[in-house]
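# Remarks on the overall topology
As a plain string of letters, each chain reads:
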Amino acid sequence: MPVLRAVSDLHVGHRGNREIVDAVVPGHTGDWLIVAGDVADRIDDVVRTLTQLRERFAEVTWVTGNHELWSRAKDPDQVRGVERYERLVSRCRSIGVHTPEDPWPVWTGPGGPVRVAPLFLLYDYSFTAPGTTTKEESLAYAFRTGVVCTDEYLLHPDPFDSREQWCHDRVASTARRLAAQSDPDVPYVLVNHWPLVREPTRVLRYPEFAQWCGTELTADWHVRFPTAAMVYGHLHIPRSTVYDGVPFEEVSLGYPREWRKRGLPAELARPVPLRPVPPRAELAAH
Ligand SMILES: [Fe+2]
Ligand SMILES: [Fe+2]
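Here the structure is a predicted model, which means the values were calculated and not measured.

With that settled, the discussion passes to the sheet that holds strand E9 (residues 246-250). Strand order in this open sheet of six strands is E4-E5-E6-E7-E9-E8, and the pairing throughout is mixed. A single partner strand is all that each edge strand has here, and the edge strands are strand E4 (106-107) and strand E8 (239-243). Where strand E7 (residues 227-232) lies against E9, three bridges are found, and the strand directions are parallel. From the neighbouring strand, valine 231 faces E9, where its bridge partner is glutamate 249. Across the sheet, helix H5 (residues 163-181) is in contact with strand E5 (114-118) and strand E6 (188-191); its angle to E6 comes to roughly 165°.

The next thing to look at is the sheet that holds strand E1 (residues 4-7). Overall, mixed pairing links the four strands, which are arranged E3-E2-E1-E10 in an open sheet. In this open sheet, the two strands that pair with only one neighbour each are strand E3 (59-62) and strand E10 (270-271). Bridging between E1 and E10 involves two bridges; their strand directions are antiparallel. Among the inter-strand pairings, alanine 6 is bridged to a residue of E10, identified as arginine 270.

Octahedral six-donor coordination of a metal ideally yields angles of 90 or 180 degrees, compared with 109.5 degrees for tetrahedral four-donor coordination. For the iron ion (ligand 1), the full set of protein donor atoms is Asp9 (OD), His11 (NE2), Asp38 (OD) and His236 (NE2), and the range of their distances to it is 2.0 to 2.2 Å. Between the iron ion (ligand 1) and the iron ion (ligand 2) the interatomic distance amounts to 3.5 Å, and aspartate 38 serves as a bridging ligand to the pair. With histidine 11 in the loop between E1 and strand E2 (32-35) and aspartate 38 in the loop between E2 and helix H1 (43-56), this residue pair connects regions lying 27 residues apart in the sequence. Owing to a relative accessible area of 1%, histidine 11 belongs among the buried residues under this scheme.

General note: in soluble globular proteins, nonpolar side chains tend to be found buried as a group. Counting residues in each nonpolar core, the largest one holds 67 residues, and the members touching the most others are Leu50, Leu53 and Trp62. When near neighbours in sequence (up to four residues on either side) are disregarded, leucine 53 contacts Leu10, Val21, Val24, Leu33, Val35 and Val60.

Moving on to the coordination of the iron ion (ligand 2). Protein ligation of the iron ion (ligand 2) involves Asp38 (OD), Asn66 (OD1), His193 (NE2) and His234 (ND1), the donor distances falling in the range 2.2 Å. Because the angles between the four donor atoms bound to the iron ion (ligand 2) fall within 89 to 160°, the donor set is best described as irregular. Written as a sequence motif, the donor residues of the iron ion (ligand 2) are D-x27-N-x126-H-x40-H.

Our next topic: the pairing of E8. Of the pairings in the sheet, the one linking E8 to E9 comprises five bridges and is antiparallel in character. Within E9, the position partnered with valine 242 by the bridge is proline 247. Hairpin connection between E8 and E9: a loop of two residues separates the two successive antiparallel strands, and aspartate 244 in this loop has a positive phi of roughly 55°.

Take the layout of surface pockets next. Rolled over the atoms, a probe with the dimensions of a water molecule shows which regions are left empty. Each pocket or cavity is described by its volume, and for the largest pocket that value is around 850 Å³. In terms of lining residues, the largest pocket is bounded by 22 residues, among which Leu235, His236, Tyr255, Arg257 and Glu258 are the most central. Tallied by class, the residues present in the lining of the largest pocket amount to 10 nonpolar, six polar and six charged. Of the volumes computed, that of the second largest pocket is approximately 210 Å³.

A few words on unusual backbone geometry. In this structure, proline 113 follows glycine 112 across a cis peptide bond, with omega equal to 0°. Residue position: proline 113 is located in the loop between E4 and E5. Across the junction of aspartate 158 and proline 159, the peptide omega takes the value 5°, indicating a cis bond. You can see proline 159 is positioned in the loop between helix H4 (151-154) and H5. The backbone of leucine 122 shows a phi angle near 65°, a positive value even though the residue is not glycine. At histidine 234, a residue that is not glycine, the phi angle is positive and equals roughly 70°. Its location among the elements puts histidine 234 in the loop between E7 and E8.

Calculation rules
- Residues numbered from 1 in each chain as written.
- Chains lettered and ligands numbered in written order.
- Predicted model: local features only at pLDDT ≥ 70, side-chain atom pairs only at ≥ 80, totals over all residues.
- Heavy atoms only, no water.
- Pairing = 2+ DSSP bridges.
- Helix = DSSP H or I, 4+ residues; strand = E, 2+ residues; numbered from the N terminus.
- Contact = heavy atoms within 4.5 Å.
- Axes fitted to C-alpha atoms, helices over the stretch in contact; angles between N-to-C directions.
- Donors = N, O, S within 2.8 Å, 3.2 Å for Na, K, Ca; no water.
- Buried < 20%, exposed > 50% of the residue type's maximum accessible area, 1.4 Å probe, protein only.
- Core = buried A, V, L, I, M, F, W, Y, C linked by side-chain atoms within 4.5 Å.
- Tetrahedral: all angles 85-135°; square planar, octahedral: opposite > 155°, others 65-115°.
- 1 Å grid on protein atoms, 1.4 Å probe; cavity = no way out; pocket = protein on both sides within 12 Å on 5 of 7 lines; lining within 4 Å.
- Points joined across faces, edges and corners; volume = space filled by probe spheres on them.
- Nonpolar A, V, L, I, M, F, W, Y, C, P; charged D, E, K, R; others polar.

In structure tokens form, the structure reads like this:
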């Protein structure tokens, strides 16, 4: 039987990870693969990797991570911000990979029908650092402790003035789209590089890193919209949790020093658990 699978944070630019992509394989010719961001920093590496995966899986759906959006001096693709994102989208389209900007495909295999909704939402620093309540205080805390995400230097928001503004623009347009296509008979598999709720960040070793991990604006999306599962990465803490009855799956591989310590899972392309569709009345009660 075909399976809906997911992986993220392949970071193929890291020595030791490129070979691991060979182990991201289907168990059935009909398997689909969700790739939840941080494939690589360089656009050519992203496209090469997704091309390989597209040859193996019946469908591949990608969302950008923060690393795809980094503008580095070594990258032959010298584009930044929205223009960089759009370049990634068009390159993915050219190899037959679904992006957040395309129609969201419906999985009709076991556990379906579900609509795979790839999202690109970014973060707005609202997962504030301990003892702080504003973005300014939270960022100051992080600069004081030295735990500052490299996005601050490499992820440019142009033409927006800030990553926060870009995030808010994405959240507003995505919420409208999710509402317009909302159908309890075909619930969503919400896919975003960053978790839609703050809870998964509570286990971060450095809690001040959470401000680069999502936005409070999406805290109720998994109950506001019919959702069979939520798939994310970014934290490099692969695990399965459940919030309000919805499975949340962190599906990252992570850096070699991380996965070597914890070991590789039996299946790198992890099966996505799909909860049965709750009745309409139950959804309305939230
Ligand atoms: Fe990552
Ligand atoms: Fe990331």
